[in-house]
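Chain by chain, the residues run as shown.
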Amino acid sequence: MVTLISVLFDRTLAILIGNANTMKVANYQSLALILPFLFLHLNAEAQNFEDVEIVTTQVSDHIYMLEGSGGNIGVCVGKDGPILIDDQYAPLSEKIKEAVRAITDLPVQFVINTHFHHDHSGGNEVFGETAHIIAHENARQRIIDYELDQVEQGNQSAVKPAALPTLVFNDDMTVYQNDMQIELIYITHAHTDGDVAVYFREENVIHMGDLYVQYGWPFVDMMKGGNVLGMVESLDHILSVIDGDTKIIPGHGKLATRSEMIAFNDMLRTVIARVRSAKQNGKSLEEILEMKPMEGYEDVEGDAASFLERVFLSLEM
Ligand SMILES: [Zn+2]
Ligand SMILES: [Zn+2]
C-alpha cells in the first residue's frame, strides 16, 4: 500500500510536470484536472509517513536495499561506515537510521544522491547534519532551486543548509571507501541533467536511480534537462559496463537483472523508432497517438500518453 502511494506520487508529479512542459501539445484543462489529484497524493504521502515500514533486502555481501516510501535506498557497509545511495523523505530519517543500525553499528558517513528529485534526496536535511552528501553539480543546483521554491511558497522559512550536497563533481567520480571502488557514472541528459548510476564493481551491484524504474513507462523530467533519447543512450552505456550477474537496484520497484533492463531499454527504443518514423512522415502528436505506437506494450503500466509526448518532444531537441 505504501509503495503504491509513493508510486502514485511519483507519477502524479510526473504527469503535472509533463503537462506544464508540453503545453503546446497538451491543453490547459488537463492541468486543472490533475492539480486536485496531485494535492490529494501529496496529502496521502504526508499522512502516511508514520505507517511506512522500511523493508531491508540484502543484495550482496556489503550492499543492502531499503524500501520505504520514495526511491529505493542502497546501503554500502564496511570498515569506514555506511554509505547511503539516496535518502527518501526527511520524516522517514529515523526509521532509515534504525534500519541501517540493524545492519551496522557505525554511523552514516556519506549519502550519494542519484539525482535531485525530492523522493530521493528529501532526507538530506537530516543526514547532511552529520554526513557528507555527494551529488553531481547539476543535482546540487536543482536542490538549491527546490529549497528556494519551498521558501517562496512559504513551506519553510529558509534554505536548509544540511540539505545541500557538500561534495560535488562535474563528470564521473570514484569513491574509495569500505575497501571498495564505488563508481559514480554521470549521465548528461536522461531522467534529469544530473543523474548518476552508482556501480559497486567488487560487489557487482548497481543503483540506477530513476534511469531505470519498474513502474512501467518511465518519467523523464524534461523541465530539468531530461531527454528520452538520452535515457536509451545512458542505458546502453550502463549495459556495456555491467554483466549478466549484476544485481540492479532500480529507482523504484524490486531488484532487477540485466535482462530485465535490456527489455526495458528495447521497449523505449521501439517506441522512439515508431514515433521518429511517423514524425518524419509529417504526423502530428495526435496522429501518432492514433497510430498506436505502444502496440505490443499495452500491459505496461503508467502514463503511456504522457511518455509518448516526451518522446515526441525529445526528438525535437
Ligand atoms: Zn523517483
Ligand atoms: Zn526522479
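Residues numbered from 1 in each chain as written. Chains lettered and ligands numbered in written order. Predicted model: local features only at pLDDT ≥ 70, side-chain atom pairs only at ≥ 80, totals over all residues. Heavy atoms only, no water.

1. Things to note about the overall build of the chain
- From N to C terminus, the chain includes ten helices and twelve strands.
- Within the span of the chain, comprising 317 residues, buried residues form 54% of the whole.
- Pairs at least 24 apart in sequence give 65% of the contacts found in the chain among residues at least 6 apart.
- Within the structure as shown, the chain displays about 13,900 Å² of accessible surface, and the carbon and sulfur contribution to it stands at 51%. (Helix = DSSP H or I, 4+ residues; strand = E, 2+ residues; numbered from the N terminus. Buried < 20%, exposed > 50% of the residue type's maximum accessible area, 1.4 Å probe, protein only. Contact = heavy atoms within 4.5 Å. Areas by Shrake-Rupley, 256 points an atom, 1.4 Å probe, with all protein chains shown as cover.)

2. With respect to the confidence of the model for the chain
- Summarising the model, the chain shows a mean pLDDT of 89, and 85% of its residues fall at 70 or more.
- Contacts from residues 1-45, a stretch scored under 50 in pLDDT, to residues over four places away or in other chains number 63 contacts. (pLDDT = per-residue confidence, 0-100.)

3. Regarding the pairing of strand S8 (residues 173-177)
- As paired elements, S8 and strand S9 (residues 180-187) share five bridges and run antiparallel to each other. Bridged to Met173 within S9 is Leu184.
- Hairpin connection of S8 to S9: two residues between the antiparallel strands, including Asn178 at a positive phi of 55°. (Pairing = 2+ DSSP bridges.)

4. Describing the pattern of salt bridges
- Taken as a whole, this structure holds nine salt bridges when the rule is applied.
- Taking the shortest distance from any N to any O, the salt bridge between Lys254 and Glu67 comes out at 3.2 Å. With Lys254 in the loop between strand S12 (247-249) and helix H8 (258-280) and Glu67 in strand S2 (residues 63-67), the pair connects residues that are 187 residues apart, well separated along the chain.
- When its relative accessible area of 53% is taken as the criterion, Lys254 is described as exposed.
- The exposure class assigned to Glu67 is buried, which follows from its relative accessible area of 14%.
- With a closest N to O distance of 3.3 Å, Lys279 and Glu316 form a salt bridge. (Salt bridge = Lys/Arg side-chain N within 4 Å of Asp/Glu carboxyl O.)

5. Quick word on the coordination of the zinc ion (ligand 2)
- The zinc ion (ligand 2) binds to the protein through His115 (NE2), His117 (ND1), His191 (NE2) and Asp210 (OD), with metal-donor distances spanning 2.1 to 2.2 Å.
- Geometry at the zinc ion (ligand 2) is irregular, judged from the four donor atoms that bind it and their angles of 90 to 163° at the metal.
- Mapping the donors of the zinc ion (ligand 2) onto the primary sequence gives the spacing H-x1-H-x73-H-x18-D.
- The two metals, the zinc ion (ligand 2) and the zinc ion (ligand 1), are separated by 3.5 Å and share Asp210 as a common coordinating residue. You can see His117 sitting in the loop between strand S5 (110-112) and helix H4 (118-121) and its partner His191 sitting in the loop between S9 and strand S10 (195-200), a full 74 residues away along the chain. Summarising the burial analysis for this pair, His117 and His191 share the class buried. (Donors = N, O, S within 2.8 Å, 3.2 Å for Na, K, Ca; no water. Tetrahedral: all angles 85-135°; square planar, octahedral: opposite > 155°, others 65-115°.)

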